[in-house]
Amino acid sequence: MSTTLDDSAPAVARPPAKAYRSTKVRRQRVKAAWTFLAPMLVALTLVAGWPLLRTFYFSFTDASLADLSNTLFIGLENYLVYDDGQWYGVLADPIWWRAVWNTFYFAIVSVSLEVVFGVIVALILNAEFKGRTFVRAAVLIPWAIPTIVSAQMWAWMLNDQFGIINEILMALGIIGAPIAWTADANYSMWAVIMVDVWKTTPFVALLALAAMQMLPKDCYEAAEVDGIHPIRVFFKVTLPLITPALMVAVIFRLLDALRVFDVIYVLTSNSTSTMSMSIYARQQLVEFQDVGYGSAASTLLFLIIALSTIAYLYLGRHRFNLGGDA
């Protein structure tokens, strides 16, 4: 008997050699990436993981700064508990919710202003003019100054008795009497926002400028030949192309703004009108020496920042996916 091959039988599909090599190379790159990241992840776990877990633990106890060895597990009482017809805990404290409002208000307003002013500064620095290198270096000075130093410097300038800001405004006839910028509840938050915007706008401008330096020149040359207005070119060409860099700047600044402590504490200390979540947690931990209550506030701060960051990244990625599909 002779065996015949059926030519009509379907052949077994094999992946192309190029695709196989690319998959193998991809796996090797992922393996190499995890190998290089492993030491950093281990160090980060030891440095940040243990204090974070310890804070979580203390938030469920009645720990006091006077004696951390004698603690009792009290469950969720530091967060919220109902006793004798009243609610107690961090979530029932109106000062905590005022701190949450202050923090989000500060973060949204300051980061928004920093993005707007940062893009404007980046557009100016991206233009060609004499002395551009010197101006670029000078713009970074506020960002290079330590936050404590810059906050104390502005605290002196905003002082209602000997501050230079009041002297200048009174000399120009804008105000008739000195204003307590950091003590008056009507002005203190805006004074803090102004100082933060002054310091961190160069950071946003630096990232936006780096993105502008990488933009293709042919798009602008074609727009110039077609006679398109520069403002329209900015909104249709420049802004969409630098949006990824701006998203990176926003996420970094949003993380800093939500956990803000130093600039507000130096300018206004424990004032309720400007108290942030970090200052509230520090007040409970240090001044009131209530480690359990302060740890609960710190844990809520961590969860709020984490959820806000995840939501921002998800919305940003969803927006890019919609833009790509369009």
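Residues numbered from 1 in each chain as written. Predicted model: local features only at pLDDT ≥ 70, side-chain atom pairs only at ≥ 80, totals over all residues. Heavy atoms only, no water.

## Observations concerning unusual backbone geometry
Phase 1: The phi dihedral of Asp84 falls on the positive side, at around 55°, and the residue is not glycine.
Phase 2: Mapped onto the elements of the fold, Asp84 is located in the loop between β1 (81–83) and β2 (86–88).
Phase 3: Despite not being glycine, Gln289 shows a phi value in the positive range, around 55°.
Phase 4: Its place among the elements puts Gln289 in the loop between α11 (277–287) and α12 (291–325).
Phase 5: We classify Gln289 as partly exposed; its relative accessible area is 36%. (Helix = DSSP H or I, 4+ residues; strand = E, 2+ residues; numbered from the N terminus. Buried < 20%, exposed > 50% of the residue type's maximum accessible area, 1.4 Å probe, protein only.)

## Examining the environment of Ala257
Phase 1: Here Ala257 lies in helix α9 (residues 230–258).
Phase 2: Expressed as a C-alpha distance, the spacing of Ala257 and Val109, which sit 148 residues apart in the sequence, is 9.9 Å.
Phase 3: Apart from the residues lying within four places of it in its own chain, the contact partners of Ala257 are Thr103, Phe106, Ala107, Ser110 and Val111. (Contact = heavy atoms within 4.5 Å.)

## Comments concerning a nonpolar patch on the surface
Phase 1: Together, Val30, Trp34, Leu37, Met40, Leu41 and Leu44 give the surface a local cluster of nonpolar side chains, amounting to about 560 Å² of exposed area.
Phase 2: Within the secondary structure layout, Val30 lies in helix α1 (residues 17–58).
Phase 3: Judged by its relative accessible area of 43%, Val30 is partly exposed. (Patch = residues over 30% accessible without salt bridge, like charges linked within 9 Å, V, L, I, M, F, W, Y side chains within 5 Å. Areas by Shrake-Rupley, 256 points an atom, 1.4 Å probe, with all protein chains shown as cover. Salt bridge = Lys/Arg side-chain N within 4 Å of Asp/Glu carboxyl O.)

## Regarding the nonpolar core
Phase 1: Membership of the largest hydrophobic core comes to 58 residues, with the highest contact counts inside it found for Val90, Trp96, Phe106, Val263 and Tyr280.
Phase 2: Elements represented by at least two residues in this core include exactly α2 (94–126), α5 (147–157), α7 (188–213), α9, α10 (262–268), α11 and α12.
Phase 3: It is α7 that provides the largest number of residues to this core, a total of 12 residues.
Phase 4: Setting aside chain neighbours within four positions, we find Val90 in contact with Asn78, Tyr79, Trp96, Tyr280, Tyr293, Ala296, Ala297 and Leu300. (Core = buried A, V, L, I, M, F, W, Y, C linked by side-chain atoms within 4.5 Å.)

## Describing the pattern of salt bridges
Phase 1: Enumeration over the complete set of coordinates arrives at five salt bridges.
Phase 2: Across the pair Arg253 and Asp196 runs a salt bridge whose closest N-O atoms are separated by 2.9 Å. Taken together, the positions of Arg253 in helix α9 and Asp196 in helix α7 put the pair 57 residues apart, joining distant regions of the chain.
Phase 3: When salt bridges that share partners are traced, they join Glu114, Asp196, Arg253, Asp256 and Arg259 into one network.

## Here we look at the confidence of the model for the protein
Phase 1: When pLDDT is averaged across the protein, the result is 86; 90% of the residues are at 70 or more.
Phase 2: Here residues 1–5 is a poorly scored stretch, pLDDT under 50, and it has zero contacts once near neighbours within four places are set aside; other chains count. (pLDDT = per-residue confidence, 0-100.)

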